Amino acid sequence: MNVREWALISFTILAQMSVGAFVVLGIVHFLAQRKAGSEEADRLSDRALLAIGPVMVLGLLVSLLHLGNPLNAYRAVANVGSSWLSREILFGALFAVVGGAFAIAQWRKIGSFAMRNLLAWLAALIGLVLVYSMASVYMLGTQPAWNTWATPISFFVTTLLLGVLAMGAAFVANYAYIQRKYPGCADAQCGLMRAAVRWIAVAAVVLVGIELLVVPLQVAYLAAAGGVAGDSAALMYGEFGLILALRLALVFIGAGVLGVFLYQNALSPGREKVLGYLTYAAFALVLVSEGLGRFIFYATHLRIGI
Amino acid sequence: MAKQLGFYFNASACTACKACQVACQDKNNLSAAMRWRRVVSYGGGSWVPDPQNAGLMLPNNVFVYSISSACYHCVNPLCAEVCPAAAISKKDNGLVLINQEQCIGCRYCEWACPYGAPAYDQARAVMTKCTGCDDLVAQGKNPVCVDACVMRAIEFGDIEQLRAKYGHVDSIEPLPEAKYTGPAVVITPHKHSQASGKGTGKILNLPEEV
Ligand code: SF4
Ligand code: SF4
């Protein structure tokens, strides 16, 4: 592990978290609007939206650290015709620009509702293409541990899992803030927040289920393939086995066990404080777990050949 | 087919003296950490107790042979396909060259190339690799590795002519199968050579040598 790999771990995690958060926020906002109207929906989501921007910008900045020549980074889109790395960088920058434009327009209520809506859809779509490009960067025929469907599946699961929990944390924080500022005036908000967290809990449990299925299947598949793929699998359950076990335990507790608690607490009014702590804890555990998972991803790939 | 220059390598003649590697380091002024051409020894087998003489061991299919390997200026260079800066390109004569002015030092080509050909220049933060001695070739001369080989185990030229002369083997262990990038190479195998991907031996060099 060196600076370059730490930069890649942070960049991919941060970028995926921003995309996931953006998409999840969009869905929640859409549903909240139908339930409680535009004004309450905006109150729920506007502050959360502004939290995404810095995360993405930070991600793009650390990504520069892995280049030997950061000043020439603008040249990295020269080969969009055939290089997924070029496409990743292009869509990363586009996502930051379009998502940022939407965030500013939404915050300041610039432009018509329809126009903002269009921007949001566009940014979400670019974000999903970005995650697909990120996965494709690693789908090299000469890197068997990366060149499987587990790469795109787990990138998308990471995106959505971090997205739902980051937004869950943002909603409970926003709620606590509103409560403190205008005590007693947040009944509609309280209902919305609890409904949002309830759905977030369901999503987290489903997503962690997929992850707990894909990770062992991937290791078993590589082990069965033998050769260089088998050597990678051996690293995953051998040298890095403890980290892998820790990662799976953390994500199981964070998204699975706490997800169930979250769901239960979201159903019972008056437990908003507990709900807050649970959400923060779930987010923290899953963030650490996904970071460890990405660490293993970069630490165990082996190239075919000499 | 477009013109394609390439290497011929005779594994049955190579003695692993590394004269080619040294000549390459010298001509291209490479640091010890950067190796455009590497001689890799591959071997295997085991020792078993001699049933006739207690305490003595007998060789059981013990073998070793060596290959001298550089960039193969592939027909489908994965390095060039994935390079985000479009810094790697295939020339009219088939040579695959990196333009260091364009390279951003992302090292992605290193992950892609199955021959370990790209060599990162830490000092300049750019990627480098075997150029096929394009400067010498333009003057009608051989790459230095070819002329340095005391066993005359390396040749360089039009790959079609080399194939007509030496056949069509383009991979033996420890090289990868040719399917990934279509290397422009013809090999005369060693009598113990094993098929790529099906080898029973391992690379015997120190990791930092390869
Ligand atoms: S050997 Fe590697 S560096 Fe050389 S052309 Fe083929 S893929 Fe590119
Ligand atoms: S290190 Fe240079 S030559 Fe290699 S892929 Fe990156 S930009 Fe291209």
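What counts as what
Residues numbered from 1 in each chain as written. Chains lettered and ligands numbered in written order. Predicted model: local features only at pLDDT ≥ 70, side-chain atom pairs only at ≥ 80, totals over all residues. Heavy atoms only, no water. Core = buried A, V, L, I, M, F, W, Y, C linked by side-chain atoms within 4.5 Å. Buried < 20%, exposed > 50% of the residue type's maximum accessible area, 1.4 Å probe, protein only. Contact = heavy atoms within 4.5 Å. Patch = residues over 30% accessible without salt bridge, like charges linked within 9 Å, V, L, I, M, F, W, Y side chains within 5 Å. Areas by Shrake-Rupley, 256 points an atom, 1.4 Å probe, with all protein chains shown as cover. Salt bridge = Lys/Arg side-chain N within 4 Å of Asp/Glu carboxyl O. Helix = DSSP H or I, 4+ residues; strand = E, 2+ residues; numbered from the N terminus. Axes fitted to C-alpha atoms, helices over the stretch in contact; angles between N-to-C directions. Parallel < 35°, antiparallel > 145°, perpendicular 65-115°, else oblique. Left-handed = near helix turned anticlockwise from the far one by under 90°. Nonpolar A, V, L, I, M, F, W, Y, C, P; charged D, E, K, R; others polar. Pairing = 2+ DSSP bridges. Near = heavy atom within 4 Å. Polar contact = N/O pair within 3.5 Å; in protein donor to acceptor, adjacent residues only side chain to side chain.

## Some thoughts on the nonpolar core
For step 1, the next point in the chain: One finds A:Tyr138, A:Met167 and A:Phe171 to be the most contacted residues of the largest nonpolar core, which totals 111 residues.
For step 2, the next point in the chain: Contact partners of A:Met167, with chain neighbours within four places excluded, come to A:Ala21, A:Val24, A:Leu25, A:Ala48, A:Ile52 and A:Ile200.

## Re a nonpolar patch on the surface
Residues and elements named next belong to chain A.
For step 1, the next point in the chain: Nonpolar side chains collect at one region of the surface, where Trp149, Ile153, Trp199, Val202, Val206, Ile210, Tyr263 and Leu267 lie side by side and expose about 790 Å² of accessible area between them.
For step 2, the next point in the chain: Of all the secondary-structure elements, those providing two or more residues to the nonpolar patch are helix H6 (187-225) and helix H8 (241-267).
For step 3, the next point in the chain: Looking at which element gives the most residues to the nonpolar patch, the answer is H6, with four residues.
For step 4, the next point in the chain: Mapped onto the elements, Ile210 comes out in helix H6.

## A few points about the packing of helix H4 (residues 113-138) of chain A against helix H5 (residues 150-181) of chain A
Residues and elements named next belong to chain A.
For step 1, the next point in the chain: Two numbers describe how H4 lies on H5: the axes approach to 9 Å, and their chain directions differ by 140°. Taken together, the axes of H4 and H5 lie oblique to each other. H4 and H5 meet at a crossing whose hand is right-handed. For the pair H4 and H5, the contacting residues are Leu128, Val131, Tyr132, Met134, Ala135 and Tyr138 in the first and Thr151, Pro152, Phe155, Phe156 and Thr159 in the second.
For step 2, the next point in the chain: The residue makeup of the contact of H4 with H5, split by class, is nine nonpolar, two polar and no charged.

## Re the sheet that holds strand E8 (residues 154-158) of chain B
In any sheet, the strands associate via hydrogen bonds between backbone groups, in a parallel or an antiparallel arrangement.
Residue and element names in this part refer to chain B.
For step 1, the next point in the chain: As summarised here, the arrangement of the three strands in space is E8-E1-E9, forming an open sheet in which the pairing is mixed. Of all strands in the sheet, those with a lone pairing partner are E8 and strand E9 (185-188), marking the two edges. Neighbour-to-neighbour, the strand axes of the sheet open up by a mean angle of 20°, direction not taken into account.
For step 2, the next point in the chain: The sheet strands contacting helix H6 (residues 159-166) are strand E1 (5-10), E8 and E9, and the helix crosses E8 at an angle near 125°.

## Considerations on unusual backbone geometry
Residue and element names in this part refer to chain B.
For step 1, the next point in the chain: A cis amide bond, omega 5°, links Glu173 with the succeeding residue Pro174.
For step 2, the next point in the chain: Tracing the sequence through the fold places Pro174 in the loop between H6 and E9.
For step 3, the next point in the chain: At Lys18, a position not held by glycine, the phi torsion is positive, near 70°.
For step 4, the next point in the chain: Examined against the element boundaries, Lys18 turns out to sit in the loop between E1 and helix H1 (19-27).
For step 5, the next point in the chain: The phi torsion at Cys133 lies on the positive side, around 45°, for a residue other than glycine.
For step 6, the next point in the chain: Tracing the backbone through its elements, the reader meets Cys133 in the loop between strand E7 (126-128) and helix H4 (134-138).

## Section: the site of ligand 2
For step 1, the next point in the chain: In the vicinity of ligand 2 lie 13 residues, with B:Cys83, B:Cys103, B:Cys106, B:Arg107 and B:Cys109 positioned nearest.
For step 2, the next point in the chain: Within the shell around ligand 2, the residues separate by chemical class into eleven nonpolar, one polar and one charged.

## Digging into the side chain of A:Asp46
Residue and element names in this part refer to chain A.
For step 1, the next point in the chain: With respect to the helices and strands, Asp46 occurs in helix H2 (residues 38-64).
For step 2, the next point in the chain: A polar atom in the side chain of Asp46 sits 2.8 Å from the side chain of Lys109.
For step 3, the next point in the chain: With residues up to four places along the chain from it excluded, the contact list for Asp46 reads Gln106, Trp107 and Lys109.

## Here's the deal with the side chain of B:Ser68
Residues and elements named next belong to chain B.
For step 1, the next point in the chain: The topology assignment puts Ser68 in strand E3 (residues 57-69).
For step 2, the next point in the chain: Judged by its relative accessible area of 4%, Ser68 falls in the buried class.
For step 3, the next point in the chain: A polar contact of 2.7 Å, which involves the side chain of Ser68, links it to the side chain of Arg37.
For step 4, the next point in the chain: Ignoring anything within four residues of it in the chain, the contact list for Ser68 reads Phe9, Cys20, Arg37, Arg38, Val39 and Ile154.

Honestly, that's just the spatial picture; any functional story needs more than this.
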